[in-house]
Every structure is written in structure tokens, then in C-alpha cells.
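# Coordinate inspection notes
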Amino acid sequence: MKKTHRIDTIPPYLFAQIDKKKAEAQAKGIDIINLGIGDPDTPTPDFVIEAMAKAIRDPRTHDYPPYEGIPEFRKAVAEWYQDRFNVSLDPQSEVLSLIGSKEGIAHAFLTFLDPGDIAILPDPGYPAYKVNTLIAGGVPYVVPVNEENNYEIDFDKIDPAILPKANVLFINYPGNPTGAVASDEFFERTIHFGKKHNILICMDNAYSEVYFDGKPPRSILEFKGAKDIAIEFHTLSKTFNMTGWRLGMAVGNAEAIQALGKIKTNMDSGVFKAIQWAGVEAFKHYKPFIAAQNDLYQVRRDILMKGLREQGWTTPNPKATFYVWAKVPKGYASEQFTMDMLDRAGILVVPGNGYGQYGEGYFRMSITTPNHRLEEAVKRLKEHNIRFDV
Ligand SMILES: *Cc1c(COP(=O)(O)O)cnc(C)c1O
């Protein structure tokens, strides 16, 4: 069988390897605390389920949906952006439904990169950016983001020689895996950079609603001139515990949204209408639901962070996302430490290098697991004397 070169460029999906390691440990009878994949463990709220149940019984939801999304969903998205970010969007030309945001992100590279074109990507970063750059025949140019630069891309460090070939810049705040929140000045610098070099800014805002200490993260579209050069990817997955439902949206610059829509019309046939109706209902309840959900995550974050501090870690509290990004103890490589955590303590975490070369030396923990399991994880760290400052 002949397969494409494209296939050879794709590394195995990070979580596929982790699932394998998890299965091996489970087969040995180890009770594993899964702090690996970031997938909300609490259910989709009832108001969403009820809306879906009602919609699915209506035969008008059973045929092909409009590829760009039903008008009611796009309107609900525009209204939510107005209410949440004070950003006005035209539902017709500036909002596109997605089969989850990963779908839209993948298709963005096919839309905006010709073979050989460069995508500027954060490292560490969400693995789909790099892989889909490669699938599109593009060339990833990774920029390190770290504690020293507040996990913000330093545009002065980008080699000017690559700029004429660069067509897309991806940013992700609040960030997976780092939990970083960008400053207002960073968004302003990013827009300036994009405009100056004619590079489309793709902002992945999957975690805008998972935040702590009452400070809501921002949309890039809140900043002046953003709509000239930026689109934003969003999803109901993390916000409403709907990862399995597959519903997201791309919003922003109309020309870019239309172009992405054109690729999509030829690749998929849109989102099941009943799911979009469930999405319409979800946005109506976002305020109280998100407040309660974030209270729950904040308790969990505090349990884990207190435990880590007692074990010598000095990692600051994440301000957003359900991730904790921490350094591995001295003398360890990321993967080695991950294996050690699993073998010694039965705790599954993700090695930082899975998010790029600059993630080496770190590991990621997800708090999408109940309080008592996080308490048990902390207990095991103590029992097995797993410390940062050994
Ligand atoms: C989870 C995640 C997504 C994708 O979510 P979907 O379920 O496809 O909407 C996109 N970006 C980041 C950074 C994520 O963590």
C-alpha cells in the first residue's frame, strides 16, 4: 500500500501513547489517578440535554444543516460575544459553526497555507497546530513561550527572513498546556504584527470561560483593529462540558471566515441541527453555569497547588484553564518523570515535551477529576516522597 508523505510527517497522537501506558499500568492492577487528558468530568448541564432532546424529536432537525450553521446558532454566538466581550459580530458574515473547534483549526491551515508557507506557532502549544500545518504542506516556525516572557510570543525574536513566507500566526490564551493568560499589551502587539506583515492571526480561545479569582480572560476581537486581521476559534466543549457533542465556532474577519467556510462546504456537511439548538440554549445560561463550574475548579486547583507547594514546587497558581503546568524535579526529563509518577504513585500526567521541544522539563496535570482523587494524588506524592526540591 502506498501512503502519502503527508502521513509520514504526522507523529502519533500524544494521548494515544498515554492511553497505552495507562492501560499497561491498569493491567498491573494499579489504581490510576488520571490527571492526563483535559476533558471535563462533570456532565453536560441539563438545560443543554433538554434542548437537545426536544430538538431531536423535531423532524426539521433531521436533514442536512446549512453548512455555515443555522441562523439561530450564529445569532446566539453573536449575542454571546456582545454580552461576554462587548464585541459586535455580524451573524451572517462573521460567524461560522464548527464541528468542534479542532475541526475548524485543522481546516484553517488548509485554507490559509499553500505548500511551503510558514505558520508561526507557540511552543509549547496545542499539538493540532503543528500537525495540521504539516498536513497542509506548510512549514511550522515555532516560537518559545515560557515563564520569562509570560508565555507571550516575543515578536522581536522571530527571524525577519521568514516573515514574507509566513501566512498564519496561531495564539492560544488562556493557554493549553501552560494555563497562561495574555496581557492586553500582548494582544495589541499581536494585531500590530499581523497587520504590518499581513499575517492572519488565529486566536484559539477554547478556555475563555475556565478562569479563577473572578477575572474573565479576553477575546482578541475586543482590541482595536483586530477584525481586520484576526479570527477567533471557540468551542462549547470546555465551557459547557460538551466535548463529545462537537460544537464550536469561528468568528471574526469576514473574508477569512468566508474562506474557511468555502473549504468546509467541500469537506463536511455542517453540525447536526439538534446540537446547534442545544448550543443556542447553552448560551442562554452561561453566567450562572460558568460561575458554579469555575467555583468547582477553583477548589480543585487549590487542593492540588497546596499539595504541590508542600512538596517543594514553587509553581504559581494558574489564573485560567483546568491545567497546572509545572517543572519536573532536577535531573529528570519530562517523559522519565511521567513514567516515574505512574510507576511509583499511579498518577497519570502528561510529559511537557508532548507539546513541543520547549515543553521539555515540564509536565501537565489536569484537574478534571473530583476533589477526593486530587487529595489522594497529593497523599501519594507525600507517601512516595515525590518532591520538586529533592
Ligand atoms: C480542547 C481544545 C481544543 C479543541 O476542542 P474541541 O472539542 O475540538 O472544540 C482546541 N484548542 C485547545 C487549546 C484545546 O485545549
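This text goes with the structure placed above it.
Worth saying up front: this structure is predicted, and the values here are computed from it rather than measured. (Residues numbered from 1 in each chain as written. Predicted model: local features only at pLDDT ≥ 70, side-chain atom pairs only at ≥ 80, totals over all residues. Heavy atoms only, no water.)

Moving on to the overall build of the protein chain. A count of helices and strands for the protein chain gives 13 helices and twelve strands. Taking 2.2 N^0.38 as the reference for a compact globule, 390 residues should give roughly 21 Å; the C-alpha atoms of the protein chain span a radius of gyration of 21 Å, in line with that estimate. Its C-alpha atoms give the protein chain principal-axis dimensions of about 55 × 55 × 50 Å. Across the protein chain, the fraction of contacts at a sequence separation of at least 24, relative to all contacts at a separation of at least 6, is 75%. For the protein chain, the exposed surface amounts to about 17,100 Å²; the carbon and sulfur share of it is 53%. Taken as two groups, the 45 positive and 49 negative side-chain charges of the protein chain have centres that lie 2 Å from each other. (Helix = DSSP H or I, 4+ residues; strand = E, 2+ residues; numbered from the N terminus. Rg over C-alpha atoms; globule rule 2.2 N^0.38 Å. Contact = heavy atoms within 4.5 Å. Areas by Shrake-Rupley, 256 points an atom, 1.4 Å probe, with all protein chains shown as cover. Lys, Arg positive; Asp, Glu negative; His and termini not counted. Charge placed at Lys NZ, Arg CZ, Asp CG, Glu CD.)

With twelve residues, helix α5 (residues 101–112) should cover 16 Å at 1.5 Å per step; its first-to-last C-alpha distance of 16 Å lies within 8% of that length. The element α5 is largely enclosed, with a buried count of ten among its twelve residues. (Expected span 1.5 Å × (residues − 1). Buried < 20%, exposed > 50% of the residue type's maximum accessible area, 1.4 Å probe, protein only.)

Let us look at the sheet that holds strand β9 (residues 323–327). Backbone-to-backbone hydrogen bonds pair the strands of a sheet. The strands run either parallel or antiparallel. Here we have three strands laid out as an open sheet, ordered β9-β12-β11, and antiparallel in their pairing. Looking along the sheet, the strands with just one partner apiece sit at the ends: β9 and β11 (350–351). (Pairing = 2+ DSSP bridges.)

For the structure on display, the rule yields 30 aromatic pairs. Centroid distance Trp 80 to Tyr 286: 5.8 Å. Interplanar angle 85°. Geometry classified as edge-to-face. Of this pair, Trp 80 sits in helix α4 (residues 71–85) while Tyr 286 is found in helix α11 (residues 286–310), placing the two residues 206 residues apart along the sequence. The same class applies to Trp 80 and to Tyr 286, which are both buried. Taking 4.9 Å as the distance between ring centres and 45° as the angle between the ring planes, the aromatic pair formed by Tyr 81 and Phe 85 counts as tilted. Taken together, the positions of Tyr 81 and Phe 85, both in helix α4 and four residues apart, correspond to about one turn of that helix. Among the aromatic residues, ring-to-ring pairing joins Phe 47, Phe 73, Trp 80, Tyr 81, Phe 85, Phe 240, Phe 283, Tyr 286 and Phe 289 into one connected group. One cation-aromatic arrangement involves Arg 301 over Phe 212; the distance from NZ or CZ to the ring centre is 4.5 Å. (Phe/Tyr/Trp six-rings, centres within 6.5 Å; stacked < 30°, edge-to-face > 60°. Lys NZ or Arg CZ within 6 Å of the ring centre and 35° of its normal.)

Taken together, 14 residues sit near the ligand, with Asp 204, Tyr 207, Thr 235, Ser 237 and Lys 238 positioned nearest. Within the side chain of Thr 235, one N or O atom sits 2.6 Å away from an oxygen atom of the ligand. In this structure, an oxygen atom belonging to the ligand sits 2.7 Å away from a side-chain N or O atom of Arg 246. Relative to its unbound accessible area of 390 Å², the ligand is 93% covered by the protein chains. (Near = heavy atom within 4 Å. Polar contact = N/O pair within 3.5 Å; in protein donor to acceptor, adjacent residues only side chain to side chain.)

The next subject is the side chain of His 234. Position of His 234 among the secondary structure elements: in strand β7 (residues 230–235). Here Ser 208 takes part through its side chain, which lies 3.2 Å from a polar atom of the side chain of His 234. Those residues within four positions of His 234 in sequence are excluded, and the remaining contacts are Trp 80, Tyr 81, Phe 85, Ser 101, Asn 205, Ser 208, Gly 248 and Met 249.

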